[in-house]
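# Notes for the structure review
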Number of protein chains: 2
Amino acid sequence: MSAEAEEPRRHRLTRAEAKARTRELLLEAAARTFARKGFAGASVEEIAAEAGFTVGALYSNFAGKEELFLQLMSGRARDRVSSTAEVLAGEYPTDRDRWTALGQQMIDVADKDMDIAPLQAEFWLYAVRHPEAMETFRAQLGQRRAPLERLIGEGLERGRYPDDLPGRVATVVSALFQGMVRQRRIDPDNVSAELYGDALRWLFTGLEVCESRPAGDEAAEAGDG
Amino acid sequence: MSAEAEEPRRHRLTRAEAKARTRELLLEAAARTFARKGFAGASVEEIAAEAGFTVGALYSNFAGKEELFLQLMSGRARDRVSSTAEVLAGEYPTDRDRWTALGQQMIDVADKDMDIAPLQAEFWLYAVRHPEAMETFRAQLGQRRAPLERLIGEGLERGRYPDDLPGRVATVVSALFQGMVRQRRIDPDNVSAELYGDALRWLFTGLEVCESRPAGDEAAEAGDG
DNA sequence: GTCTATAAACAGATAGAC
DNA sequence: GTCTATCTGTTTATAGAC
């Protein structure tokens, strides 16, 4: 795009570009290797080799294994996998079709990149064991959740539901998906694409019954005894 | 020499009992250590020390770290933590109270033994990475799910719902809980006790709306379109 | 049955060659 | 900027003492 100064790529890449590319390759290799072997189980040599380098290149770009892992955790959550929101963004004729197609798409995404679930699990375990890194991981989860929350907010007509409902529902939907994706890896037969859609249909149907109130009614009437 | 045959516990424990106790202590120590450090991150020396022994005792009772881990995975899932079903078994005046109390109890259980979620994550990761161990882990999950499925089946009046519904709902509820417990460790503020209850209320309300059919009606009528 | 001592392999990280 | 060689600590697992 932009000419760095005057002769951006006379032959191939500038030194800075080459280094940036190495760094990127190392990050991608690290993602695969950490997913396959875990944080403690993956060796720096293994990661470097997966990227097509040796340890020297790794230590030239990162302080060590831990920093590499943390960079991965804090890095772009959404430019590697289609986010939940993109999946949700499709348009479907009826609500039933919408949930069904959504469930199918979630499965497709989860089945396509088999590494993300184990990698997320590694992130989670690391955050649980290193409280100082928890904020970093929370931020990554927030990146994933935000578009989902927005989309749910659009789906629920404003005024008929409490303002904090989309956020709460986003948490539930996110937790449900993560849980089902994980269980599907163990028990594929018990976690079909159809079940994803059913669960969402149950959830949003119950949501409307339980939480909606007549339009224009400002204060929600809690009719429980 | 020994009066074991006739005087089983003249002083304290028989040799077999002592060994069994050592084995049990090692398993418990392994559970804590694997939860805290992970499978690859925990060393056998650390596990043995946590149990009050040295490596010799460990290798005298287990073939190695991997066998110890697998024994833990295949071992009793329910005699250490109160299962979901026990939580569900309580009685509550109204449905709303039931969901609220259930959500609170799930949080209490999850917060009380902070080790089970990381340990389950370790099991899951191991199973994903070692397909030959997946069946073992699936069996453990089955042990946890069975009572939940039974209880849900009791809650849904027979005849009004498809026969396979309790199993499907159990999967969804189980996934939902696992997902929320995990997210709560990262974002406690966003996953309150109340939200557990709300999610369940939404789910079961929607379930009744979507899946129930008039008593006596054999074929379910799909009224969407 | 458990502990101590040790063997052999491997890890993360660094220094200097190119 | 990356690679090769190496240093240092730690790991699993075993052998023999008690």
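Residues numbered from 1 in each chain as written. Chains lettered and ligands numbered in written order. Predicted model: local features only at pLDDT ≥ 70, side-chain atom pairs only at ≥ 80, totals over all residues. Heavy atoms only, no water.

## Comments concerning the relation of the copies chain A and chain B
Stated precisely, the cut-off is as follows: What sets the superposition is a least-squares fit of C-alpha atoms, and only residues with pLDDT of at least 70 in both copies go into it. Here, two residues are considered to be in contact whenever any of their heavy atoms come within 4.5 Å of each other.
Once chain A is rotated about the relating axis by 180° and shifted along it by 0.0 Å, it coincides with chain B to within an RMSD of 0.1 Å. The transformation just described matches what one would write down for a two-fold rotation axis. Looking at chain A, 98% of its interface residues are interface residues in chain B too, so the copies touch through the same face.

## What about the pattern of salt bridges?
Close approach of charged atoms allows side chains of opposite charge to pair. Residues and elements named next belong to chain B. Rules: Take a side-chain nitrogen of Lys or Arg and a carboxyl oxygen of Asp or Glu: if they are within 4 Å of each other, that pair is a salt bridge. Numbered from the N terminus, helices here are DSSP runs of H or I no shorter than four residues, and strands are runs of E no shorter than two. Type-normalised accessible area, obtained with a 1.4 Å probe on protein chains alone, sets the label of each residue: buried when under 20%, exposed when over 50%, and partly exposed for intermediate values.
Tallied over the full model, the rule gives 24 salt bridges over all chains. A salt bridge links Arg36 to Glu50; the nearest nitrogen and oxygen atoms lie 3.3 Å apart. Here Arg36 is found in helix α1 (residues 15-37), whereas its partner Glu50 is found in helix α2 (residues 44-51), with 14 residues between them in sequence. Classification of Arg36 by relative accessible area gives partly exposed; the value is 40%. Residue class for Glu50 comes out partly exposed when judged on its relative accessible area of 30%.

## Concerning the interface of chain A and chain B
Using the following cut-off: Buried area is calculated as the accessible area (1.4 Å probe) missing from two parts once they are joined, with the contributions of both summed. We call two N or O atoms a polar contact when they sit within 3.5 Å, provided that within protein one can donate a hydrogen and the other can accept it, with sequence-adjacent residues counted only if both atoms are side-chain atoms.
Every contact between the two is made by 57 residues of chain A and, on the other side, 57 residues of chain B. Around 4700 Å² of area is buried between chain A and chain B when both sides are counted, 64% of it from carbon and sulfur atoms. The largest contributions to the chain A side of the interface with chain B come from Arg182(A), Ile186(A) and Trp202(A), which together make up 18% of the buried area. The interface formed by chain A and chain B includes six salt bridges. Between Arg168(A) and Asp198(B) there is a salt bridge whose closest N-O contact spans 2.0 Å. Where chain A touches chain B, the interface holds 16 residue pairs in polar contact (both at pLDDT 80 or more). When residues of the side of chain A that touches chain B are traced back to their parent elements, those giving at least two are α1 (15-37), α7 (116-129), α8 (134-155), α9 (165-186) and α10 (193-211) of chain A.

## Overview of the packing of aromatic side chains
The line we're drawing: Two rings from Phe, Tyr or Trp (for Trp, the six-membered ring) form a pair when their centres are within 6.5 Å of each other. A pair whose planes differ by under 30 degrees is stacked, one over 60 is edge-to-face, and the rest are tilted. Each ring is checked for a lysine NZ or an arginine CZ that lies within 6 Å of its centre and within 35 degrees of its normal; such an atom marks a charge sitting over the ring.
Across all of its chains, the model carries 18 aromatic pairs over all chains by this definition. Aromatic pair Phe69(A) and Tyr126(A): ring centres 5.0 Å apart, planes at 50°, arrangement tilted. With Phe69(A) in helix α4 (residues 65-74) and Tyr126(A) in helix α7, this residue pair connects regions lying 57 residues apart in the sequence. Neither Phe69(A) nor Tyr126(A) differs from the other in exposure class; each is buried. In this structure an aromatic cluster arises from ring pairing among Phe34(A), Phe39(A), Phe69(A), Phe123(A), Tyr126(A) and Phe137(A). Taking the ring centre of Phe39(A) as reference, the NZ or CZ of Lys65(A) above it sits at 4.9 Å. Stacked on the ring of Trp124(A), the Lys or Arg Arg182(B) has its end atom at 5.2 Å from the ring centre.

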